[in-house]
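Per-entry structural report
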Amino acid sequence: MCQHQPLCPTADDTDRDAARAVSSKPELGWSLLCNDVLTFEDTGELLPDGRVLGPSRPLLASAA
């Protein structure tokens, strides 16, 4: 579990992405956070319990 001070958010917290990366492979497009969440460069996530969170890209405003 996280040994950082202050403690990193857990995988169930809404700010789970604020946890520190403990391993990353930028050439493969992923990082493992200290809360056991895998984050991907497309903003998708794989949670420790196996749940998948799809990419959360902001919508672009269309030019009128």
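Before reading further, recall that the structure is shown in the block above.
Read on for an overview of the structure. (Residues numbered from 1 in each chain as written. Predicted model: local features only at pLDDT ≥ 70, side-chain atom pairs only at ≥ 80, totals over all residues. Heavy atoms only, no water.)

Focus on the overall build of the protein chain
Selection rule: The way it works is that DSSP assigns letters per residue, a run of H or I at least four long becomes a helix, a run of E at least two long becomes a strand, and they are numbered from the N terminus. Only protein chains enter the calculation, and the probe is 1.4 Å; a residue is then buried if its accessible area is under 20% of its type maximum, exposed if over 50%, and partly exposed in between. Contacts between residues were defined by any pair of non-hydrogen atoms, one from each residue, lying within 4.5 Å. Areas reported as accessible are Shrake-Rupley estimates using a 1.4 Å probe. Residue values count occlusion only from the protein chains shown.
Regarding its fold elements, the protein chain presents zero helices and five strands. Along the chain direction, N to C, the helices and strands of the protein chain fall in the order β-β-β-β-β. Going through the 64 residues of the protein chain one by one, you find that 23% of them count as buried. Partitioning the intrachain contacts of the protein chain with sequence separation of at least 6 by distance along the chain shows that 17% fall at a separation of at least 24. Of the roughly 4900 Å² that the protein chain leaves accessible, carbon and sulfur atoms contribute 56%.

Let's talk about a nonpolar patch on the surface
Using the following cut-off: For patch detection, residues must exceed 30% relative accessible area and be free of salt bridges, and they are connected within 9 Å for like charges or within 5 Å for nonpolar side chains (Val, Leu, Ile, Met, Phe, Trp, Tyr). A pair is scored as a salt bridge if a Lys or Arg side-chain nitrogen falls within 4 Å of a carboxyl oxygen belonging to Asp or Glu.
Taken together, the side chains of Phe-40, Leu-46 and Val-52 present a nonpolar region at the surface, about 260 Å² in accessible area. Take Val-52: it is sitting in strand β5 (residues 52-53).

Looking at the pairing of strand β2 (residues 30-33)
What counts, and what does not: Strand pairing follows a simple DSSP-based rule, namely that at least 2 bridges must link the two strands.
Note that strand β1 (residues 21-25) and β2 share four bridges and pair antiparallel. Along β2, the bridge assignment pairs Ser-24 with Ser-31. In this antiparallel pair of consecutive strands, β1 and β2, the connection spans four residues, and Gly-29 shows a positive phi of 85 degrees. Taken together, β2 and the strand that follows it, strand β3 (residues 38-40), pair antiparallel across an intervening segment of four residues, in which Asp-36 is found at a positive phi of about 70 degrees.

Side note on the state of the cysteines
Spelled out, the test is: Pairs of cysteine sulfur atoms within 2.5 Å are what we label disulfides.
Summed over all chains, the structure comprises zero disulfides. Sulfur of Cys-8: no disulfide; nearest cysteine sulfur belongs to Cys-34 and is 3.4 Å away. Since its relative accessible area comes to 11%, Cys-34 is described here as buried.

Considerations on unusual backbone geometry
In the Ramachandran plot, Asp-36 falls in the positive-phi region, its phi being about 70 degrees despite a non-glycine side chain. Its place among the elements puts Asp-36 in the loop between β2 and β3. Under the relative-accessibility criterion, Asp-36 is labelled partly exposed at 48%. At Thr-43, a residue that is not glycine, the phi angle is positive and equals roughly 75 degrees. The topology assignment puts Thr-43 in the loop between β3 and β4 (45-46). A relative accessible area of 35% means that Thr-43 is categorised as partly exposed.

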